[in-house]
Amino acid sequence: MNKNARYVSKKIAQLSLSKFADLYADKRVSPEFFIADEKQLLSLSEYPYRSDGYIIGICTRGHALVEANLQVYDAKPDAMLLATPFHILRIYNSSDDFLCRFIVFSKAFLTENNVSSHFLESFSYFKSASLPVIYPDHEDAKMLLDIYLLMQQKLEREHHPYRMEISRSMLITMLYEVESIYEKQHVMIKGKQTRKQELNVLFQELVFHHYKEHRNVQYYADSLYVSPKHLTETIKEVTGRTAGEWIDDAVVLEAKVLLRNHDISIARVAEGIHFPDQSSFGKYFKKHTGMSPSDYRVVAAH
């Protein structure tokens, strides 16, 4: 399910792991690894944000909408969220009984113990083209929840001399179990995709790799060996929005995330998204949002 996502946020945009842990950690070994089992997470997630950490979430009851990099998915019991620091996330339209269990960790937490620095890249669900929300069957979801609950029990042993090592080992076990489930889900989904849907997936992957440097449809069409007309018509047919609209929305979303950080000047924001100067960035931002970057900062701060 795809929906246009234009919004003005009133909350934090960049969520550091330490801040995340302070706000929501239920049990933790360190700010680099913790689990959360709290509905209050939604008080933050109502608005778009990017986390410094990797997130594995398992929905246990109720329903909501999860938006990841402008794609919208249904969150329902047994659904899994698989997010990286490269995802901009938002959870909204949740039912009163919506509940998810989350595991949050940093890359450093895994690599501290002689694990390869590229260990996480070996998992297909943490790659940029992966699906951030999947729907495992109930038995698979229950198995992951069993690991989560066991992890919760181990974390309660605060004075255990090997608490950190056991936690890291259990997290690695969880990652491999998720990989098995993801591969099974991905094969099922890919087998049902039409060629037009496959082109859309490739286009989306390219956009979220290159939107900062390339804002024209021609670049993406050339990269995918199709004409701009064919690409635009195909993406419109599959998603309801043109290729150009997807590119513009990705740029604007990144701009909003950066603008909500008042430590970054508007000139630096423009530079970070590869605009030639602040003026051209301001014109672009106003064209797509109806307000200037400085006006957006004022509105978003209230």
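For the structure, check the block above.
What you see is a predicted model; the values in this text were computed from it and never measured.

**Student:** Go over the environment of Thr-239 with me, naming the residues and quoting the values.
**Tutor:** Within the secondary structure, Thr-239 is located in helix H8 (residues 228-239). Taking relative accessible area as the criterion, Thr-239 reaches 9% and is therefore assigned buried. A C-alpha to C-alpha distance of 9.6 Å links Thr-239 and Gln-71, two positions 168 residues apart in sequence. In this structure the side chain of Thr-239 is engaged in a polar contact, spanning 2.7 Å, whose partner is the backbone oxygen of Ile-235. Within polar-contact distance, the side chain of Thr-239 engages the backbone oxygen of Arg-241 at 3.0 Å.

**Student:** Tell me about the nonpolar core, residues and numbers included.
**Tutor:** In terms of nonpolar packing, the biggest core is built from 36 residues, with Phe-203, Tyr-220, Leu-231, Ile-273, Phe-281 and Phe-285 touching the most fellow members. Counting residues per element, the ones that place at least two in this core are helix H6 (195-210), helix H7 (217-223), H8, helix H9 (243-259), helix H10 (266-272), helix H11 (278-289) and helix H12 (293-300). The element best represented in this core is H9, accounting for 11 residues. Membership of the second largest hydrophobic core comes to 30 residues, among which are Ile-35, Leu-82, Ile-147 and Met-170.

**Student:** Residue-level account of the sheet that holds strand S6 (residues 64-68), with values.
**Tutor:** The strand order S7-S6-S9 describes an open sheet built from three strands, whose pairing is antiparallel. In the strand order of this sheet, the two ends are held by strand S7 (71-75) and strand S9 (89-92), each with one partner. On average, each strand axis in the sheet is tilted by 25° relative to the strand beside it, whichever way the strands run.

**Student:** Which residues make up the pattern of salt bridges, and what values go with them?
**Tutor:** Under the criterion given, the structure shown has eight salt bridges. For Lys-184, the salt bridge identified is with Asp-140, shortest N-O distance 2.8 Å. Residue Lys-184 is located in helix H5 (residues 163-191), and its partner Asp-140 is located in helix H4 (residues 138-155); the two are separated by 44 residues in the primary sequence.

Rules used in this analysis
Residues numbered from 1 in each chain as written. Predicted model: local features only at pLDDT ≥ 70, side-chain atom pairs only at ≥ 80, totals over all residues. Heavy atoms only, no water. Helix = DSSP H or I, 4+ residues; strand = E, 2+ residues; numbered from the N terminus. Buried < 20%, exposed > 50% of the residue type's maximum accessible area, 1.4 Å probe, protein only. Polar contact = N/O pair within 3.5 Å; in protein donor to acceptor, adjacent residues only side chain to side chain. Core = buried A, V, L, I, M, F, W, Y, C linked by side-chain atoms within 4.5 Å. Pairing = 2+ DSSP bridges. Axes fitted to C-alpha atoms, helices over the stretch in contact; angles between N-to-C directions. Salt bridge = Lys/Arg side-chain N within 4 Å of Asp/Glu carboxyl O.

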